[in-house]
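The residues making up each chain are set out below.
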Amino acid sequence: MLLDRADVPPLDAVAHLCGLQAQEPQEPFTGLWSRLRGFQPGALSALLTGRHVVRTHLMRRTVHLVTAEDVLAWRARHNAMLRQRVLGVYRRELAGVDLGELAAAGRGVLADGEPRSMAQLARAVAERWPEPGTRPLGEMLVAGVLPMVQLPPRGVWRTRAGVRNALVSSWLGREVDPLPTDDGSDPVGQELVRRYLAAYGPAATADVRAWSGLAGLPGAVAALRGELVTFRDERGRELLDLPDAPRPDPETPAPVRFLPAFDKAKIPRTQFLGGAPWRTWKLPQRHRMTAAAAAW
């Protein structure tokens, strides 16, 4: 999509890209404009207000714009990581809080179907847990223990709006899919790996982990090996890909594209400075740190 703009609907593009980082609410519009021929911002806004795509904390506990189908299918696989990432910041504050009880209390507050800001939700349960403070409680509720979405008009084209949170089940009409019975093969992890490779392969397992934030993917990769092809990069790392995936010639000229700050095409390469992850960047060394700083 970056070598040549694609003629696909925005919904299909969001799915193909495994979502778009969206902590800056307007940036997904730029990301799709750079990839889709004839893209109209109103089409993405309509998908958001029509509940076909949602804004939610998912990969790496950052806000992503993903399809409704993907948040329902993927959220349970991210649950443990999301909780641990919040605890990584607020472990001391939340040490005395039973997270199951906190989730139940949050659901009770939201049972009336009314969206709430993080602060409103935290204040509603703070009487029961006064010690942690509202910020740790709020972040664990909206980004950890409860599958939630940020409602429009936040994320609508050229619209400024605060964050109002609602349960995924309230907004989309059903609960997220439960994880399948674990036999070690990690079927949801397998689907995540397939989808990532379809969009960004060839890639190392470390790239998939850096994108998703998920641990435990080796089981999924092991189960998929029979249907993948492998390569080696300049550092000798194993790269995986789908057998029928397009792999342009390395000398294919790449057009200049305007990418938003947190675009997936930037992020993994700014996480591994100085080595093979720069392999697909045609950037002189003097510009690399500037690009990395802009991405963050």
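Only a predicted model underlies this, so the values are computations on that prediction, with no experimental measurement involved.

Draft legend 1. Molecular detail of the overall build of the protein. For the protein, the helix and strand inventory stands at 13 helices and 7 strands. In the protein, which comprises 296 residues, the proportion classed as buried is 49%. A fraction of 63% describes how many contacts in the protein between residues 6 or more apart in sequence connect residues 24 or more apart. Total accessible area computed for the protein in this model is approximately 14,300 Å², and 53% of it derives from carbon and sulfur atoms.

Draft legend 2. Here's a closer look at the pattern of salt bridges. By the definition in use, this model includes 17 salt bridges. Between Asp233 and Arg237 there is a salt bridge; the shortest N-O distance is 2.9 Å. For Arg237, a relative accessible area of 17% gives the class buried. Three or more residues are tied together by salt bridges with common partners; here these are Asp4, Asp7 and Arg37.

Draft legend 3. Region of the structure containing the nonpolar core. If you look at the biggest cluster of nonpolar residues, it comprises 52 residues, and the most contacted ones within it are Leu32, Leu44, Leu172 and Leu197. If you look at the next biggest cluster of nonpolar residues, it comprises 25 residues, including Val97, Val125, Ala126 and Met140.

Draft legend 4. Summary view of the packing of helix α6 (residues 118–126) against helix α7 (residues 134–145). The interhelical angle for the contact between α6 and α7, taken along N-to-C directions, is 110°, at an axis separation of 8 Å. Classified by the angle their axes make, α6 and α7 are roughly perpendicular. Considering only the axes of α6 and α7, their crossing is right-handed. Seen from α6, the contacting residues are Met118, Leu121, Ala122, Arg123, Val125 and Ala126; seen from α7, they are Thr134, Arg135, Leu137, Gly138, Glu139, Leu141 and Val142. Among the residues forming the contact of α6 with α7, the class breakdown is 8 nonpolar, 2 polar and 3 charged.

Draft legend 5. View of the confidence of the model for the protein. Looking at the protein as a whole, the pLDDT averages 90, with 90% of positions reaching at least 70. Low pLDDT (under 50) marks residues 268–282, which in the prediction has 37 contacts with non-local residues, meaning those over four places away or in another chain.

Draft legend 6. Just the pairing of strand β6 (residues 229–232), in detail. Note that β6 and strand β7 (residues 238–241) share 4 bridges and pair antiparallel. Looking across to β7, one finds that Phe231 is bridged to Leu239. Connecting the antiparallel pair β6 and β7 is a turn made up of 5 residues, with Gly236 showing a positive phi of about 85°.

Draft legend 7. Quick peek at unusual backbone geometry. Following Pro152, the chain continues into Pro153 via a peptide bond in cis, with omega recorded as 20°. For Pro153, the location among the structural elements is in the loop between β4 (148–150) and β5 (165–167). At Arg60, a residue that is not glycine, the phi angle is positive and equals roughly 60°. Inspection of the secondary structure assignment puts Arg60 in the loop between β2 (53–57) and β3 (63–67).

The rules behind the values
- Residues numbered from 1 in each chain as written.
- Predicted model: local features only at pLDDT ≥ 70, side-chain atom pairs only at ≥ 80, totals over all residues.
- Heavy atoms only, no water.
- Helix = DSSP H or I, 4+ residues; strand = E, 2+ residues; numbered from the N terminus.
- Buried < 20%, exposed > 50% of the residue type's maximum accessible area, 1.4 Å probe, protein only.
- Contact = heavy atoms within 4.5 Å.
- Areas by Shrake-Rupley, 256 points an atom, 1.4 Å probe, with all protein chains shown as cover.
- Salt bridge = Lys/Arg side-chain N within 4 Å of Asp/Glu carboxyl O.
- Core = buried A, V, L, I, M, F, W, Y, C linked by side-chain atoms within 4.5 Å.
- Axes fitted to C-alpha atoms, helices over the stretch in contact; angles between N-to-C directions.
- Parallel < 35°, antiparallel > 145°, perpendicular 65-115°, else oblique.
- Left-handed = near helix turned anticlockwise from the far one by under 90°.
- Nonpolar A, V, L, I, M, F, W, Y, C, P; charged D, E, K, R; others polar.
- pLDDT = per-residue confidence, 0-100.
- Pairing = 2+ DSSP bridges.

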